[in-house]
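Spelled out, the chains give:
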Amino acid sequence: MLDDPSSLLGAGLALAAAVLFAWANVDLRRAGDGGRGVAAVATTLWFALGLVVAPVLVVAVAIGRPAPPPAALLLALAAGAGSVLLGRLAFFEAVALVGPSRASMMKNSSPVFVVLLAGAVLGEWPTPVAGAGIAAVVLGVLQHGLSGSDRRVAASDPRVAVRGLAIGVGAAAVFAVGDVLIAVAVRVGGDPVVLGAVVLLGGWAGAVALAPGTPLAQLRALRGVDGPLIAASVGMGAGRLLSFVAIGLVFVPYVAAIVATAPILTAILGRLRGGADEVLTARLGVAMLLVVAGGAAIAIGG
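In this report, the structure presented in the accompanying data block is examined. Since this is a predicted model, take the numbers as computed values, not measurements.

Calculation notes
Residues numbered from 1 in each chain as written. Predicted model: local features only at pLDDT ≥ 70, side-chain atom pairs only at ≥ 80, totals over all residues. Heavy atoms only, no water. Helix = DSSP H or I, 4+ residues; strand = E, 2+ residues; numbered from the N terminus. Buried < 20%, exposed > 50% of the residue type's maximum accessible area, 1.4 Å probe, protein only. Contact = heavy atoms within 4.5 Å. Salt bridge = Lys/Arg side-chain N within 4 Å of Asp/Glu carboxyl O. Patch = residues over 30% accessible without salt bridge, like charges linked within 9 Å, V, L, I, M, F, W, Y side chains within 5 Å. Areas by Shrake-Rupley, 256 points an atom, 1.4 Å probe, with all protein chains shown as cover.

1. Concerning the environment of Gly-168
Okay, step 1: Its place among the elements puts Gly-168 in helix α7 (residues 158–188).
Okay, step 2: What makes Gly-168 buried here is its relative accessible area of 0%.
Okay, step 3: Put simply, Gly-168 and Ala-90 are 78 residues apart on the chain and 6.7 Å apart in space, counted from C-alpha to C-alpha.
Okay, step 4: Excluding its chain neighbours within four sequence positions, the residues that come into contact with Gly-168 are Ala-94, Met-106 and Lys-107.

2. Focus: the pattern of salt bridges
Okay, step 1: Counted by the stated rule, this structure contains 2 salt bridges.
Okay, step 2: One salt bridge connects Arg-65 with Asp-191, and the closest N-O pair in it is separated by 2.6 Å. Linking Arg-65 in the loop between α2 (37–62) and α3 (70–98) with Asp-191 in the loop between α7 and α8 (192–210), this pair joins segments that are 126 residues apart in sequence.
Okay, step 3: Judged by relative accessible area, Arg-65 falls into the partly exposed class, the value being 40%.
Okay, step 4: Using a relative accessible area of 9% as the deciding quantity, one classes Asp-191 as buried.
Okay, step 5: Between Glu-124 and Arg-187 there is a salt bridge whose closest N-O contact spans 2.7 Å. Here Arg-187 lies in helix α7 and Glu-124 lies in the loop between α5 (110–121) and α6 (128–145), a separation of 63 residues in the sequence.

3. Digging into a nonpolar patch on the surface
Okay, step 1: A cluster of nonpolar side chains, namely Val-112, Leu-116 and Trp-125, defines an oily patch on the protein surface of about 320 Å² accessible area.
Okay, step 2: With respect to the helices and strands, the residue Trp-125 is situated in the loop between α5 and α6.
Okay, step 3: Taking relative accessible area as the criterion, Trp-125 reaches 53% and is therefore assigned exposed.

Next comes the structure, spelled out in structure tokens:
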């Protein structure tokens, strides 16, 4: 990867996406319960549509970016329905059942599914060194997740915890499917920037269809949305777009592993932004070392 400028650019975009996701996570926490449910997903995607997708598509048309072939467009729309809509809904459901730390821990096992799917669908596997790096990143994220103290788990009913964790793992698998679909779409011949915008467009269309009220009523309701949720919407939309562009430049499991570092970056950014509930512990330090070591292995062996 180090001797390939396009791969380095892709890794940089993936890291920028992780930072944007982390920034959005901090704002989403400040939004409170306004950041959950299908209506909230639709709200975030409305803002992503107006402040991220529309400008990107306008610029793409203005500078003459080629339109993706129909097969690539269909794959991008399917990725939108999966990773942007269904994955996010499943994740919010897991949060409601087992709390944010454990749900995030399950969601960020996504690189494992990406490796398996990329091998099965694309016929490609990480190099041994890069594979060890991906494993180190996943272990680091899990190490951080285990430090969470989610008190929402109903100890009196273990079935609730099992269901929540299963849904969290399901969300990870859905996000992985979306990433691999984008990788396939790029290989079909699509422009990654345009395809990334189409993915968000597909997620928006599905969310609007499922959310209560007509599209016009949903638009009117946006006037009462708080600033943190708007900022989170833009951060998540821009992060998703950058991650999809990165997938067009570098092997998809490497992108997934870099993006999966978002929870650790969330803890750091939350503390820097004045979050009193963010404590930089020794466990977080170990997680950071694992992630840095894993990232170095991916860069050297990828």
